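Coordinate inspection notes
Below, each chain spelled out in residue letters.
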Amino acid sequence: MIRIGHNPNTNMLPMFHFLSKEHPLLESITAEPTGHNAMLCDGRIDMAPISAFSYGEHWQDYAILPNLSVSTKGRVGSILLFSKVPLENLDGMIVALTDTSATSVNLTKILLHQYYGVVPRYLTMSSSLQGMFAKADAALLIADAAIQAALLQPECYIYDLGEEWFNYTGCSMTYAVWAFPKRLITERKEEVFTVYQMLIAAKTKALINMEDIVKTCQTMLGGSLEFWRDYFTQFNYGLDKTTVAGLEKYLNLCFEQNLLSSRPVLQFWPEE
Ligand SMILES: C=C(O[C@@H]1C=C(C(=O)O)C=C[C@H]1O)C(=O)O
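Residues numbered from 1 in each chain as written. Predicted model: local features only at pLDDT ≥ 70, side-chain atom pairs only at ≥ 80, totals over all residues.

Observations regarding the domain arrangement of the protein
Partitioning the protein into domains gives domain 1 (2-71 + 173-256) and domain 2 (79-169). When each unit is reduced to the centre of its C-alpha atoms, the spacing between domain 1 and domain 2 is 23 Å. Secondary-structure elements contributing two or more residues to the side of domain 1 that touches domain 2 are helix 2 (33-41), helix 3 (52-57), strand 10 (173-181) and helix 12 (241-256). Considered class by class, the residues forming the side of domain 1 that touches domain 2 number eight nonpolar, eight polar and two charged. (Domains from an automatic or database assignment. Helix = DSSP H or I, 4+ residues; strand = E, 2+ residues; numbered from the N terminus. Nonpolar A, V, L, I, M, F, W, Y, C, P; charged D, E, K, R; others polar.)

Written as structure tokens, this is what we have:
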């Protein structure tokens, strides 16, 4: 039995929609990214689409499954910094950060400090734009919470951090990777490999049946079919050389900004 992290947000549907929920080898544990980051670290699950940042914290212990990620080159549509003022005016002000994210929280810090040259104060809060704006001048939301807040057209500036990252670095951005503890390569090689094949098959099936996923998203969150079709055109669920270069750029900047204590080296299994 492999205990995998199931992320219920729409951006993850291409990974999970066609993954068997009844398979005897799988048990799914549903949580937001920070929940899975913590559960993988303390052994409550065996494998999950964790925050890329969390891989950077545990790279000595984890391996990455190849050809699976949540990435975009440019606009992402669901990693949004809502702000009462232009970002260049945030120096010394308060930025609320969702407690569901690790990658985007640190992406926000890199972009604000390095690209916009401002150093705000940060609060970690649960994902409610109203609650965050009661205490802060800007608010980071990710995933469905960000989509839902943006659909309500709040009166504020809205920055897409995939787009900001691309403007800053010219690179793609990887938000999540599928990781598992390296020791499983020796302890439970066959099971991990079988689950890997299931994940790749589920993703492949999703990418040729995107209309199913688009309709599911509309049922979940509303919005037009056109909106959801457009949302998914931005994503890359693989991990090719260009995508890996963007991931390395992000992790290296995290290290250089003292957000990570060591410079991560990526290790993939199975090796291609
Ligand atoms: C694209 C997204 O990426 C997510 C962002 C994450 C993070 O910031 O830690 C983790 C998992 C990703 O699925 C999103 O939430 O919209």
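With respect to the site of the ligand
Around the ligand, a shell composed of 17 residues is seen, among which S51, S78, S101, A143 and Y175 lie nearest. Sorting the residues of the shell around the ligand by element identifies helix 4 (103-115) and strand 10 as the ones contributing at least two each. Here the shell around the ligand is built from residues that sort into 10 nonpolar, seven polar and no charged. Structurally, the shell around the ligand is a two-domain feature, drawing no fewer than three residues from each of domain 1 (2-71 + 173-256) and domain 2 (79-169). (Near = placed C-beta within 6 Å.)

Focus on helix 10 (residues 210-221)
A rise of 1.5 Å per residue sets the reference length of helix 10, with its 12 residues, at 16 Å; its end C-alpha atoms lie 16 Å apart and thus fit the reference within 8%. Buried within helix 10 we find I213, V214 and C217. One side of helix 10 carries all its buried residues, which in axial view fall inside an arc of 100°. In helix 10, those exposed residues whose orientation departs by more than 90 degrees from the buried face are E211, K215 and T219. (Expected span 1.5 Å × (residues − 1). Buried ≥ 20, exposed ≤ 12 C-beta atoms within 10 Å, placed from the backbone. Arc of directions from axis to C-beta.)

Thoughts on the environment of Y157
When you line up the elements, Y157 lands in strand 9 (residues 157-160). Judged by the 14 C-beta atoms lying within 10 Å of it, Y157 falls in the partly exposed class. Between the C-alpha atom of Y157 and that of L81, which follows or precedes it by 76 residues, the distance is 8.1 Å. Setting aside residues up to four positions removed in sequence, Y157 forms contacts with S83 and P86. (Contact = placed C-beta atoms within 7 Å.)

Describing the packing of helix 10 against helix 11 (residues 225-233)
Where helix 10 contacts helix 11, the two axes come as close as 9 Å, and the packing angle between them is 120°. Taken together, helix 10 and helix 11 sit at an angle that is classed as oblique. Considering how the two elements wind past one another, helix 10 and helix 11 form a crossing that is right-handed. Of the residues in helix 11, those in contact with M210, V214, C217 and Q218 of helix 10 are L225, W228, R229 and F232. The residue makeup of the contact of helix 10 with helix 11, split by class, is six nonpolar, one polar and one charged. (Axes fitted to C-alpha atoms, helices over the stretch in contact; angles between N-to-C directions. Parallel < 35°, antiparallel > 145°, perpendicular 65-115°, else oblique. Left-handed = near helix turned anticlockwise from the far one by under 90°.)

Digging into the sheet that holds strand 5 (residues 79-83)
Taking strand neighbours across the sheet as the criterion, the five strands line up as 7-6-8-5-9 in an open arrangement whose pairing is mixed. Every interior strand has two partners, whereas the edge strands, strand 7 (121-125) and strand 9, have only one. Sheet twist, expressed as the mean angle between neighbouring strand axes with direction ignored, is 20°. Where strand 5 lies against strand 9, four bridges are found, and the strand directions are antiparallel. (Pairing = 2+ DSSP bridges.)

Some thoughts on the sheet that holds strand 10
In a beta sheet, neighbouring strands pair by backbone hydrogen bonds and run either parallel or antiparallel. Across the sheet, four strands lie side by side as 3-10-4-11; this open sheet has antiparallel pairing. Strands at the two margins of the open sheet, each flanked by one partner only, are strand 3 (48-51) and strand 11 (235-236). In this structure, strand 3 lies alongside strand 10, joined through four bridges in antiparallel fashion. Each residue of the ladder has a partner; that of P49, found in strand 10, is W178.

Some points on unusual backbone geometry
The residue after W269, namely P270, is reached through a cis peptide bond having omega 0°. Note on placement: P270 falls in the segment after helix 12. Although it is not a glycine, A143 sits at a positive phi angle of roughly 60°. Looking at A143, the number of C-beta atoms within 10 Å reads 25, which means it is buried.

Some thoughts on the packing of helix 4 against helix 7 (residues 161-169)
With their axes 11 Å apart at the nearest point, helix 4 and helix 7 run at an angle of 45° to one another. As judged from the angle between their axes, helix 4 and helix 7 are oblique. As helix 4 runs across helix 7, the sense of the crossing is left-handed. Across the interface between the two elements, S104, L107, T108, L111 and Y115 from helix 4 touch L161, E164, W165 and Y168 from helix 7. For the contact of helix 4 with helix 7, a count of residues per class yields six nonpolar, two polar and one charged.

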